[in-house]
Structures are given as C-alpha cells and as structure tokens.
Amino acid sequence: MTPAVFARHRRMIQRSRRHFMTVVDYCAALRSADAPPDAIVITFDGDHAETFVAARELAERGLAATVFVTTSRLGTPGMLSEGDVRRLHEMGVEIGAAGHSGRRLDGLQRSDVTAEITLSRRRLAAITGDEPRSFAYPRGGWDPTARQLVIAAGYGGACAVGQALSHQGDDPFAITRLTVDGGLADHRVRAWLDGIGRTLPRTVPARPRIRLVPSVLGARVPARAPARLAGAYRPRFAPHIAEGTRLPAPGQPTLPPL
C-alpha cells in the first residue's frame, strides 16, 4: 500500500467519526457487552519499516491503533527495529505480539506453540517495558489449542482474520477482521463503513479428531486438513498494512474492520 492510498483511507475513516479503539480495549468491551456502537479498530500485521510511518500518522492525530510484531524479524533489513517499536509504544500505539518466528500455530506441536507465544511476549516486554496484552495469530492460523495457550499466557485478546465484519458476539480470542491492501477500492471501504459485508457467528471450534497416518518419510501427518471458512464474499488481500473492526449498534447493520 502506498502512503497516498493509506492517507486517503485514513481520511475516509476519520470522516466517518468512529470511536477508535485498540485491540485489547475492544476485546474487553466484547466481554462486558459495553462497546461503543460506532467502534472501529485499526491493526497492522507486518514488521516492515513503512508500518512505523503509517502508525505514527495515526498516533499524531490521536487515533488509536495496534501494531502486531513478529519478534524474530526486528532489526533485519527493511523491517522495524527495536527502537521503532519502543517509539511507537511511547506514542500510545498498542504493541501486540504475533509470535516469534511468524509460523502458523495451527500446524505446530503444543510445546512449539507455547514457545512462539511466550518468546514474543517476553521480548516485547523487554523492549517496551510493558507486556503485550493482545496477540495476532500468524497468517491467521489458529486452533483450539493455540487459543487456550494464548489465554493461559495472559493475553487479553487475540485477532484472527476471517475476512468478515466483527460484531458484539465475536470471540475476543479470535476476532474476525477484514484485510486492507493497496488494491482495495474506495467504494469497498465506504461499504464496510456503512456495515455492508458478511459476519461470522461466534464459534470456539471443537478440538478436531484427527486420524494419523504414516507418510512416505515415516513422519506422522494429519489424514485430513482443517476445514476452511466459507462465505459469500471473500475480498482479495495481502496482509501488509491496515485492518480493523467495528461494532454494530443493536438492531443496526454490522460495521467493518479496516
């Protein structure tokens, strides 16, 4: 996404006069059923250096945002540095964890999931002085085990993807979001802000019963891949810059994430 497209989307959202919230505040509101009817959450998945400029642009205007960080990438060429993360935290941007290596969690052993969740939490705490309170499942990959381990680690909420509008019945530990990229048309942004789009029911997926079979290399692999979410509308996306959510008022159409 170019800076010009991001600025245009930001102005559209600002003019909609939504109530900007961080992920952890939104999750707390979901649990209390006391979220503002015009709430919106903007999140950044990705550690590219440009994220700093975009998040700073929001912070300078007093607009809440959450940046999710994959800690193993900090300081590598073209990516956020520890200093960038510290400065964003000081500006009031919520810093959330997105695992340590960026691997999907739904295909890992329980011990590896625990390591991904805790390593990223500890490193971000060392950088900012505060433990991150929100988590984003890397590349949207999560399952019941990952969800429970995120809760056990002390996070206050977690984001999935889902490509759907969030709503009052959403799961605070698997919030559904819409992904925004540079190819997203302005009319789609306006439609989301007007509450046009699909929603998903709140569901905590049951632990799948997986039959293991030997592979040609002697490893044991799932006999069946996990089911994918189905829906009427699936926008094209490339997780990079901005995403978020908005809550519906009772009896009103649901609002979108950006």
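These remarks concern the structure in this document. All values reported here derive from a predicted model rather than from experimental measurement.

Observations regarding the pairing of strand 3 (residues 66-69)
So, step 1. Here strand 3 shows a buried face lined by Thr66 and Phe68 and a second buried face lined by Val67 and Val69.
So, step 2. Here strand 2 (residues 39-45) pairs with strand 3 via 3 bridges, running parallel. Counted as the bridge partner of Phe44 is Val67 from strand 3.
So, step 3. Read from strand 2 through helix 3 (residues 50-60) to strand 3, the crossover connection turns out right-handed.
So, step 4. Relative to strand 4 (residues 94-97), strand 3 runs parallel, the two sharing 4 bridges.

Brief notes about the environment of Gly197
So, step 1. Assignment of secondary structure puts Gly197 in the loop between helix 7 (186-193) and strand 8 (212-214).
So, step 2. Gly197 gets classed as partly exposed once you look at its relative accessible area, which sits at 37%.

Observations concerning helix 3
So, step 1. When helix 3 is considered as a whole, its buried residues turn out to be Thr51, Phe52, Ala54, Ala55, Glu57 and Leu58.
So, step 2. Of the surrounding elements, those touching the buried residues of helix 3 are helix 1 (3-15), strand 2, strand 3 and helix 4 (82-91).
So, step 3. Phi turns positive, to about 75°, at Gly62, one or two residues after helix 3.

Details of the packing of aromatic side chains
So, step 1. Under the criterion given, the structure shown has 4 aromatic pairs.
So, step 2. Here the aromatic rings of Phe135 and Tyr137 are separated by 5.7 Å at their centres, their planes lie at 75°, and the arrangement is edge-to-face.
So, step 3. Ring geometry for Tyr137 versus Trp142: centroids 5.7 Å apart, planes at 25°, classification stacked.
So, step 4. Of the residues examined, Tyr137 reaches a relative accessible area of 2% and is grouped as buried.

Notes on the packing of helix 4 against helix 5 (residues 110-128)
So, step 1. The geometry of helix 4 relative to helix 5 is characterised by a closest axis approach of 9 Å and an angle of 70° between their N-to-C directions. It follows that helix 4 is roughly perpendicular to helix 5 by the angle criterion. You can see that helix 4 and helix 5 cross each other, and the crossing is right-handed. Side by side, helix 4 and helix 5 meet where Glu82, Val85, Arg86 and His89 of the first sit next to Arg123, Leu124, Ile127 and Thr128 of the second.
So, step 2. Classifying every residue of the contact of helix 4 with helix 5 by side-chain character gives 3 nonpolar, 2 polar and 3 charged.

Quick word on the pattern of salt bridges
Pairing of side chains with opposite charge becomes possible as their charged atoms draw close.
So, step 1. Counted by the stated rule, this structure contains 10 salt bridges.
So, step 2. Glu60 serves as the salt-bridge partner of Arg56, at 3.9 Å between the closest nitrogen and oxygen. Linking Arg56 with Glu60, this pair stays in helix 3, spanning 4 residues, or about one helical turn.
So, step 3. Of the residues examined, Arg56 reaches a relative accessible area of 28% and is grouped as partly exposed.
So, step 4. The closest approach of N and O atoms between Arg121 and Glu131, which form a salt bridge, is 2.9 Å. Of the two residues, Arg121 sits in helix 5 while Glu131 sits in the loop between helix 5 and strand 5 (134-136), which places them 10 residues apart along the sequence.
So, step 5. For Arg121, a relative accessible area of 10% corresponds to the buried category.
So, step 6. Take Glu131: its relative accessible area is 51%, and that puts it in the exposed class.

Reading the values: rules and limits
- Chains are numbered independently. Their residues run from 1 in the order of the written sequence.
- For this predicted model, a pLDDT threshold of at least 70 governs which residues receive local features, and a threshold of 80 or more governs which side-chain atom pairs are given and counted, while totals over whole chains, interfaces and linings are taken from all residues.
- Calculation of side-chain values draws on the structure's entire complement of heavy atoms; hydrogens and water are dropped beforehand.
- Buried, partly exposed and exposed residues are distinguished by accessible area as a fraction of the type maximum, computed with a 1.4 Å probe on protein chains only: under 20%, between the cut-offs, and over 50%, respectively.
- Runs of H or I in DSSP of at least four residues are treated as helices and runs of E of at least two as strands, each being numbered from the N terminus.
- A pair of strands is labelled paired if DSSP reports no fewer than 2 bridges between them.
- For the handedness criterion, the strands are oriented away from the viewer, and a crossover whose path from the first strand over the helix to the second runs clockwise is classed as right-handed.
- The contact criterion used throughout is that any non-hydrogen atoms of two residues lie within 4.5 Å.
- What counts as a ring pair is set by centres within 6.5 Å for rings of Phe, Tyr and Trp (its six-membered ring), and what kind of pair is set by the plane angle: stacked under 30 degrees, edge-to-face over 60, tilted for all other angles.
- Whenever a helix is involved, its axis is fitted only over the stretch in contact; in every case the axis is a line through C-alpha atoms, and angles between N-to-C directions fall within 0 to 180 degrees.
- We call two directions roughly parallel when the angle between them is under 35 degrees, roughly antiparallel when it is over 145, roughly perpendicular when it lies between 65 and 115, and oblique otherwise.
- For any helix crossing, the convention is left-handed if the near helix is rotated counterclockwise from the far helix by under a right angle, and right-handed if that rotation is clockwise.
- Three categories are distinguished: nonpolar for Ala, Val, Leu, Ile, Met, Phe, Trp, Tyr, Cys and Pro, charged for Asp, Glu, Lys and Arg, and polar for the others, with Gly belonging to the last.
- One side-chain nitrogen of Lys or Arg within 4 Å of one carboxyl oxygen of Asp or Glu is enough to make a salt bridge.

These values are about where atoms sit, not about what they do.
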